[in-house]
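Secondary and tertiary structure notes
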Amino acid sequence: MSIQADKIIAVRTSKTIYRDGDTVIKVFDEDYSKSEVLNEALNQARAEETELPIPKVLEVMKLDGKWAIRSEYIPGKTLQQLMEENPDKKDEYLNLFVDLQIEVHSKKAPLLNKLKDKMDRKIDETDFDATTRYELHERLEGMPKHKKVCHGDFNPSNIIITPEGKAYILDWSHATQGNASADVARTYLLFCLDGDKEFAEKYLNLFCKKTDTAKQYVQKWLPIVAASQSVKGHVDEREFLLPWVNVVEFE
């Protein structure tokens, strides 16, 4: 089977997403790791078992020599699109966004990879000096160990709202189990990386208010999360993230 280019929904780094009838096919570049493709499908399947609103994985296959994952197609617009089209409703959408993230964190999926293990590995992959890496590992070790489902890339472009108003959460490739505040710190950083510091603060304040979480507790995760984000290889991102990695700054 080959893919028709006119059915492209989105193009991301190392992957292209196509619509095929009532399904979606995510096709990975030829050099993409097989284990990462299989892990992404497994993550999504494990997240499905929590009964969160997630498109179901239907099959993993090869197309034109490339690995691909087929999932259910969910019609609708992303929350990001809706925020851009209806700026007057941005606060209302933010409220929905935070409620969805809280719902994700309310779930358990004991077979998901552990967030702490992933963060330890990411810190080791950075090119920071030994002292900085040591401080980051020490901070991570000192954080409370939880087992909540963490999405890992929770942002408005990964939420689809159907014409009937039902929300679905997409892209579970980074899902882990661990401390929810690490997930919140990552979402906060993603808003900052998009250049919307004001909205990032509004998001963080709303999450902390709804969950009775101390803002300082989430901020303690920022150096760890910024370090893990910095290994993704985007030069501009890396320069932006470096100041966040200063462990002392948030003491």
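Note that this is a predicted model, so its numbers are computed, not measured.

Along the backbone of the protein there are 10 helices and 10 strands. Taken over the C-alpha trace, the protein has a radius of gyration of 18 Å; the compact-globule value for 251 residues is 18 Å, and the two agree within 12%. Sorting the 251 residues of the protein into buried and exposed places 45% on the buried side. Look at the contacts in the protein between residues 6 or more apart in sequence, and 65% of them connect residues 24 or more apart. Put simply, the protein shows about 12900 Å² of open surface, and 48% of that area lies on carbon and sulfur atoms. Here the protein carries 36 positive and 44 negative side-chain charges, and the mean point of each set is 4 Å from the other.

For soluble globular proteins, nonpolar side chains are generally found buried alongside one another. Phe97, Ile159, Trp172, Tyr203 and Trp221 are the most contacted members of the largest nonpolar core, which has 54 residues in total. Those residues within four positions of Trp172 in sequence are excluded, and the remaining contacts are Asn43, Gln44, Ala47, Leu52, Ile54, Val104, Val149 and His151. Formed by six residues, the second largest nonpolar core is a distinct cluster that contains Val27, Met61, Leu63 and Ala68.

Note on placement: Asp124 falls in helix α4 (residues 115-125). Of the residues examined, Asp124 reaches a relative accessible area of 53% and is grouped as exposed. On a C-alpha basis, the gap between Asp124 and Ser228 in space is 9.2 Å, while along the polypeptide they are 104 residues apart.

The next thing to look at is the sheet that holds strand β2 (residues 15-20). Pairing within the open sheet is antiparallel, and its five strands lie in the order β1-β2-β3-β5-β4. Unpaired on one side and paired on the other, β1 (8-12) and β4 (57-63) mark the two borders of the sheet. Neighbour-to-neighbour, the strand axes of the sheet open up by a mean angle of 20 degrees, direction not taken into account. By the bridge criterion, five bridges tie strand β3 (residues 23-28) to strand β5 (residues 66-72) in an arrangement that is antiparallel. In the sheet register, Val27 faces β5, and the bridge partner there is Ala68. Where helix α1 (residues 34-48) meets the sheet, it contacts β2, β3, β4 and β5, and its direction lies at approximately 170 degrees from that of β4.

Turning our attention to the packing of helix α6 (residues 180-193) against helix α7 (residues 197-211). Direction vectors running N to C along α6 and α7 enclose 160 degrees, while the axes themselves pass 7 Å from each other. As the angle between them shows, α6 and α7 are arranged roughly antiparallel. Helix-helix and strand crossings are classified by hand; for α6 and α7 the assignment is right-handed. Counting all contacts with α6, which are made through Val184, Thr187, Tyr188, Phe191 and Cys192, the residues of α7 involved are Lys197, Phe199, Ala200, Glu201, Tyr203, Leu204 and Phe207. Of the residues contributing to the contact of α6 with α7, the split by class is nine nonpolar, one polar and two charged.

Another aspect to go through is the pairing of β5. As defined by bridge partners, β4 adjoins β5 across six bridges and the pair is classed as antiparallel. Looking at β5, one finds that Val57 is bridged to Ser71.

Positioned with a positive phi, Asp64 is a non-glycine residue whose angle comes to about 50 degrees. Looking at the element boundaries, Asp64 is found in the loop between β4 and β5. Its identity as a non-glycine residue notwithstanding, Asp171 has a phi of 60 degrees, on the positive side. If you trace the backbone, Asp171 turns up in the loop between β9 (167-169) and β10 (176-178).

Moving on: the pattern of salt bridges. The tally for this structure, following the rule as stated, stands at 14 salt bridges. Ionic pairing is found between Asp91 and Lys202, a salt bridge with its closest N-O pair at 3.0 Å. Of this pair, Asp91 sits in helix α3 (residues 90-105) while Lys202 sits in helix α7, and the two are 111 residues apart along the sequence. On the accessibility criterion, Lys202 (39% relative accessible area) is partly exposed.

Rules of the game
Here the residue numbering is sequential within each chain, running from 1 through the sequence in written order. Owing to the predicted nature of the model, reporting of local features is limited to residues with pLDDT of at least 70; listing and counting of side-chain atom pairs is limited to 80 or more, with chain, interface and lining totals taken over all residues. Hydrogens and waters are ignored; side-chain quantities use all the structure's heavy atoms. The numbering of helices and of strands both runs from the N terminus, where a helix is a DSSP run of H or I of at least 4 residues and a strand a run of E of at least 2. Only C-alpha atoms enter the radius of gyration; for comparison, a globular chain is expected to reach 2.2 Å times N to the power 0.38, where N is the number of residues. Relative accessibility thresholds used throughout: buried, under 20% of the residue-type maximum; exposed, over 50%; partly exposed, between the two (1.4 Å probe, protein chains only). Two residues form a contact once any of their heavy atoms are found within 4.5 Å. Computed with a 1.4 Å probe, the accessible areas rest on the Shrake-Rupley method; for each residue, only the protein chains presented here act as cover. Under this rule, positive means Lys or Arg and negative means Asp or Glu; His and the chain ends count for nothing. Note on charges: their place is set at NZ of Lys, CZ of Arg, CG of Asp or CD of Glu. Each nonpolar core is a collection of buried residues, namely Ala, Val, Leu, Ile, Met, Phe, Trp, Tyr and Cys, held together in the definition by side-chain atoms within 4.5 Å. Two strands qualify as a pair provided that DSSP identifies no fewer than 2 bridges between them. Axes here mean lines fitted to C-alpha atoms, for a helix over just the part in contact, with angles spanning 0 to 180 degrees between N-to-C directions. Oblique is the label for any angle not covered by the other classes, which are roughly parallel (under 35 degrees), roughly antiparallel (over 145) and roughly perpendicular (65 to 115). Handedness of a crossing is defined here by the sense of rotation of the near helix relative to the far one, left-handed for an anticlockwise turn of less than a right angle and right-handed for a clockwise turn. Note on residue categories: nonpolar means Ala, Val, Leu, Ile, Met, Phe, Trp, Tyr, Cys or Pro, charged means Asp, Glu, Lys or Arg, and polar means any other residue, Gly included. The term salt bridge refers to a side-chain nitrogen of Lys or Arg lying within 4 Å of a carboxyl oxygen of Asp or Glu.

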